[in-house]
Amino acid sequence: MADRTIYLDNAAATRMDERVLEAMQPYFFDTYAVATSEFGYSLGIEARDALDEARATLSKALGASPEEFVFTSGSTESSNMAIKGVALALGEKKGKHIIVSRIEDFPVIHSAQALEKQGFRVTLLEVGGDGLVSPDKLREAITDETILVSVQHANQEIGTIQDIEGIGKVCREKGVVFHTDATHTYTRVPLDASKVPVNLVTVAAHTIHGPKGIGGLYIRKGTPITKWMDGGFQEFNLRAGLENIPGAVGFARAVEIVAPEETDKLQEIREHIIERALAEIPNSTLNGHRTQRLPQNANITFHFVEGESITLHLDMRGIAVSTGSACFSRSLEGSHVIYGIGGDHERAHGSIRFSLGRYNTMEDADAVVDALAEIVSELRSISPLGKEND
Amino acid sequence: MRSPYNETVMEHFRHPRNVGKIDNPDGKSTEGSPACGDMVSVYISVDEATKTISDVKFESYGCASNIATGSIITELAKGKTLDEAKKITWKQASDALGGLPPIKAHCSVLAVEGLRSAIQNYEEKHGLVKEKKPTTVEIVQQRLRKVMDPLTGLGLVRAKLVQDIKVKDGVVRIKVDLPSGHQFASAIKQEIHEKLDTLWDIKEVVVDYVE
């Protein structure tokens, strides 16, 4: 058993940074009051100040103003709010057609499919073999009935970064609301809402060493969106519920800590994994775009072997990764992202995602490739596929 | 480490027995499930006089439960007569492994199928198979027993997920007691196809959901 876990599943959840906890702590034990109006009591006003400050930091990182940023319980809620909120606002008035890319994460795809049952029409937009959405194809898919387009900033599994500017321009030209899920790019890949024509942006803390259970939705001024979570008047009367102030403070601290040099380091580690794995392990294929991809993501299919077997062997060696294999998924279906880029069951079956975070090192990259070379070769020796004499 | 598999399963996964091919096998088969993607090949050598399995090997393109079941099934089959080996069930294999998670039944049942098909392959080659029977509701039911409900680990029929079966003019129509939006709806449908599409006199298999 390894001395420590080599954790390469940071796209799913990250280890929280101690500095984040430190920033959050006073809001559990000292300033624990509800955020009151400026006419409340001192403890509540202090809580309100902390919330405002966090909102300012988080909105600034998106090139937005504070009143355009609403806190949520995470990226799942943010994307639900964006898609269902716009559908509620425009469904009766303008039309019932929604376009989302085929490789969106589940909160987007399943929100759209839930609306489909309510009488909306959903187009799952095809992507290229590298995962890219073509702005021209999008333009063709938009009709007079289209009210919303949702295309992620970068993909959760294969890391492909979309041409968000090109897509945004098409939406603006057609007068369609544009939502993007930036869960995996926030602070790592620039997205400036003051320059890019985007209406709604999903972000979250859990991917950047912040706390779980806090996220946000950027809502450009004037975007038609109907309140969905009913209750009090919190969050500009757009999302009810007691504010998660420790979470908000922790989220803002997490954003402050991410530095460009760190992201550069992650990209170097990513490159090392990709280069070594493709060179040293035969019959391996990179999934996603070679260069236009998340700095912290690598995704490789090792042909003729199955992903759950690989992850289990890696786990025995103290290494954590994830796979797009059906055997690993809760629905027993292979990755819809791999199928979406034209891959078959076999491509999904042996696909492994490596997602990096703050605490990973070059040594981790070497350790995982060394381990994989052995494991893949061992599993191939018992596989009926890929033998020379077949 | 924490694993959903017990020590026996993990041991067979780490050190699978009887792995590989047999050159010029007396019987061989490859079973695969497009739903899970797993595949298993089984090779047998048969002692002609006693009709016993003198050697058996397997190869797996699959997850841990698939590999472990392949391994245990070779241990269970070796030395058995063909008739005895044919009767080895998934339950026996699973019990010999100390139990498998229900959600893994569909990947592990492949190895059991693989062994039976390898025996069938031997029997066909040696003229031991009776005439082809036309497909009936009973035959469909029998096949559906091997499609596992991932929630309970039981066959679809026992899990009471099959509402209706109709066989007419080469078309099998099955109604499953699941909404089309169910978590496993699509995986189960693919497995039904895999088990029934190969029936010799069936042109089309239609799966309907309750909605």
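For clarity, every value in this text was computed on a predicted model and none was experimentally measured.

How each quantity is defined
Residues numbered from 1 in each chain as written. Chains lettered and ligands numbered in written order. Predicted model: local features only at pLDDT ≥ 70, side-chain atom pairs only at ≥ 80, totals over all residues. Heavy atoms only, no water. Buried < 20%, exposed > 50% of the residue type's maximum accessible area, 1.4 Å probe, protein only. Helix = DSSP H or I, 4+ residues; strand = E, 2+ residues; numbered from the N terminus. Pairing = 2+ DSSP bridges. Contact = heavy atoms within 4.5 Å. Buried area = accessible area lost by both parts, 1.4 Å probe. Salt bridge = Lys/Arg side-chain N within 4 Å of Asp/Glu carboxyl O. Polar contact = N/O pair within 3.5 Å; in protein donor to acceptor, adjacent residues only side chain to side chain. Nonpolar A, V, L, I, M, F, W, Y, C, P; charged D, E, K, R; others polar. Patch = residues over 30% accessible without salt bridge, like charges linked within 9 Å, V, L, I, M, F, W, Y side chains within 5 Å. Areas by Shrake-Rupley, 256 points an atom, 1.4 Å probe, with all protein chains shown as cover. Phe/Tyr/Trp six-rings, centres within 6.5 Å; stacked < 30°, edge-to-face > 60°. Lys NZ or Arg CZ within 6 Å of the ring centre and 35° of its normal. Domains from an automatic or database assignment. Core = buried A, V, L, I, M, F, W, Y, C linked by side-chain atoms within 4.5 Å. Axes fitted to C-alpha atoms, helices over the stretch in contact; angles between N-to-C directions.

**Observations concerning the pairing of strand E2 (residues 69-72) of chain A**
Residue and element names in this part refer to chain A. Side chains of E2 alternate between two faces, with Phe69 and Phe71 and Val70 and Thr72 buried alike. Bridge analysis of E2 against strand E8 (residues 215-219) gives four bridges, and the strand direction is antiparallel. Across the sheet, residue phenylalanine 71 finds its bridge partner in E8, namely glycine 216.

**Notes on the interface of chain A and chain B**
On the chain B side, the residues contacting the 29 residues of chain A number 34 residues. If you sort the residues of chain A by the area they bury against chain B, Leu332, Ile382 and Pro384 of chain A come out on top, with a joint share of 26%. At the junction of chain A and chain B, the tally comes to one salt bridge. When the shortest N-O distance is used, the salt bridge between glutamate 308 of chain A and lysine 104 of chain B registers 2.8 Å. In this assembly, chain A and chain B are joined by eight residue pairs in polar contact (both at pLDDT 80 or more). Taken together, the elements giving at least two residues each to the side of chain A that touches chain B come down to helix H11 (307-316), helix H13 (345-349) and helix H14 (362-381) of chain A. With six residues, H11 of chain A is the single largest residue contributor to the side of chain A that touches chain B. Of the residues assigned to the side of chain A that touches chain B, the class counts are twelve nonpolar, eight polar and nine charged.

**Here's the deal with the sheet that holds strand E12 (residues 322-323) of chain A**
Residue and element names in this part refer to chain A. Within the open sheet, the four strands sit side by side as E9-E10-E13-E12. Their pairing is antiparallel. Two strands in the sheet have a free side with no partner beyond their single neighbour: strand E9 (284-286) and E12. By the bridge criterion, five bridges tie strand E10 (residues 297-302) to strand E13 (residues 351-355) in an arrangement that is antiparallel. Residue pairing for E13: threonine 301 is matched across the bridge by serine 351.

**Focus on a nonpolar patch on the surface**
Residues and elements named next belong to chain A. A cluster of nonpolar side chains, namely Val34, Tyr41 and Leu242, defines an oily patch on the protein surface of about 310 Å² accessible area. Tracing the backbone through its elements, the reader meets tyrosine 41 in the loop between helix H2 (26-29) and helix H3 (42-60). According to the relative accessible area criterion, tyrosine 41 is partly exposed, its value standing at 46%.

**As for the packing of aromatic side chains**
Residues and elements named next belong to chain A. One pass over the structure, following the stated rule, counts three aromatic pairs over all chains. Where phenylalanine 28 meets phenylalanine 29, the ring centres are 6.3 Å apart and the plane angle is 55°; that geometry is what we call tilted. Here tyrosine 186 and phenylalanine 251 contribute two aromatic rings whose centre-to-centre distance is 5.9 Å and whose plane-to-plane angle is 75°, an arrangement assigned as edge-to-face. Pair noted here: tyrosine 186 is in the loop between strand E6 (177-181) and strand E7 (200-204) and phenylalanine 251 is in helix H9 (residues 245-257), with a separation of 65 residues, a long-range link. Residue tyrosine 186 is classed as buried on the basis of its relative accessible area of 3%. The cationic tip of arginine 15 hangs over the ring face of tyrosine 359; the distance from NZ or CZ to the ring centre is 4.7 Å. When the ring centre of phenylalanine 120 is taken as origin, the NZ or CZ atom of lysine 96, which lies over that ring, is 5.2 Å away.

**Digging into the domain arrangement of chain A**
Note on interface size: it is often stated as the accessible area lost on association of the parts. All names here are of chain A. Taken domain by domain, chain A consists of domain 1 (6-14 + 259-381) and domain 2 (18-257). Using C-alpha coordinates to define each centre, domain 1 is positioned 28 Å away from domain 2. Taken residue by residue, the interface counts 29 residues in domain 1 and 35 residues in domain 2. Across the domain 1/domain 2 interface, buried area totals approximately 2600 Å², and carbon plus sulfur atoms make up 51% of it. Among the residues of domain 1 in contact with domain 2, Thr14, His336 and Arg358 are the three that bury the most area, contributing 24% of the side total. Across the domain 1-domain 2 interface, the total number found is one salt bridge. Notably, a salt bridge pairs arginine 188 with glutamate 262, separated by 2.8 Å at the nearest N-O pair. Linking domain 1 to domain 2 there are 17 residue pairs in polar contact (both at pLDDT 80 or more). Contributing elements (two or more residues each) for the side of domain 1 that touches domain 2: helix H10 (260-280), E10 and helix H12 (336-340). Among the elements that make up the side of domain 1 that touches domain 2, the one with the highest residue count is H12 (four residues).

**Focus on the domain arrangement of chain B**
Residue and element names in this part refer to chain B. One can read the domain layout of chain B as domain 1 (7-125) and domain 2 (137-208). The distance between the C-alpha centroids of domain 1 and domain 2 comes to 23 Å. Each side of the interface is counted separately: domain 1 has twelve residues, and domain 2 has 13 residues. Where domain 1 abuts domain 2, roughly 990 Å² becomes buried across the two surfaces, and 63% of that area is made up of carbon and sulfur atoms. Seen at the junction of domain 1 and domain 2, the total is zero salt bridges. Put simply, domain 1 and domain 2 have zero residue pairs in polar contact (both at pLDDT 80 or more) between them. Counting residues per element, the side of domain 1 that touches domain 2 draws most heavily on helix H5 (residues 105-125), which supplies five residues. Of the residues in the side of domain 1 that touches domain 2, the class split is seven nonpolar, three polar and two charged.

**A word on the nonpolar core**
If you look at the biggest cluster of nonpolar residues, it comprises 65 residues, and the most contacted ones within it are Phe302 and Phe354 of chain A together with Ile44 of chain B. If one sorts the elements of this core by residue count, H5 of chain B sits on top with nine residues. Dropping the residues within four chain positions of it, phenylalanine 302 of chain A is found in contact with Ile281, Asn283, Ser284, Ile310, Gly350, Ile352, Phe354, Leu372, Val376 and Arg380 of chain A. Counting 55 residues, the second largest nonpolar core, distinct from the first, contains Ile103, Ile164, Val196 and Ile257 of chain A.

**Quick notes on the sheet that holds strand E1 (residues 27-32) of chain B**
Residues and elements named next belong to chain B. Here we have three strands laid out as an open sheet, ordered E1-E2-E3, and antiparallel in their pairing. Two strands close off the open sheet at either side, each with one partner strand: E1 and strand E3 (52-61). Pairwise comparison of adjacent strand axes, ignoring direction, gives a mean angle of 15° for this sheet. Relative to the sheet, H5 contacts E1, strand E2 (39-47) and E3, its axis offset from that of E1 by approximately 140°.

**Looking at the pattern of salt bridges**
Pairing of side chains with opposite charge becomes possible as their charged atoms draw close. Residue and element names in this part refer to chain A. Tallied over the full model, the rule gives 33 salt bridges over all chains. The closest approach of N and O atoms between arginine 358 and glutamate 262, which form a salt bridge, is 2.6 Å. Of this pair, arginine 358 sits in the loop between E13 and H14 while glutamate 262 sits in helix H10, placing them 96 residues apart in sequence. We classify arginine 358 as buried; its relative accessible area is 9%. The residue arginine 276 makes a salt bridge to glutamate 280 at a minimum N-O spacing of 2.8 Å. With arginine 276 and glutamate 280 both in helix H10 and four residues apart, the pair spans about one turn of that helix. Since its relative accessible area comes to 43%, glutamate 280 is described here as partly exposed. Overlapping salt bridges bring together Asp17, Arg19, Arg188, Glu262 and Arg358 as one network.

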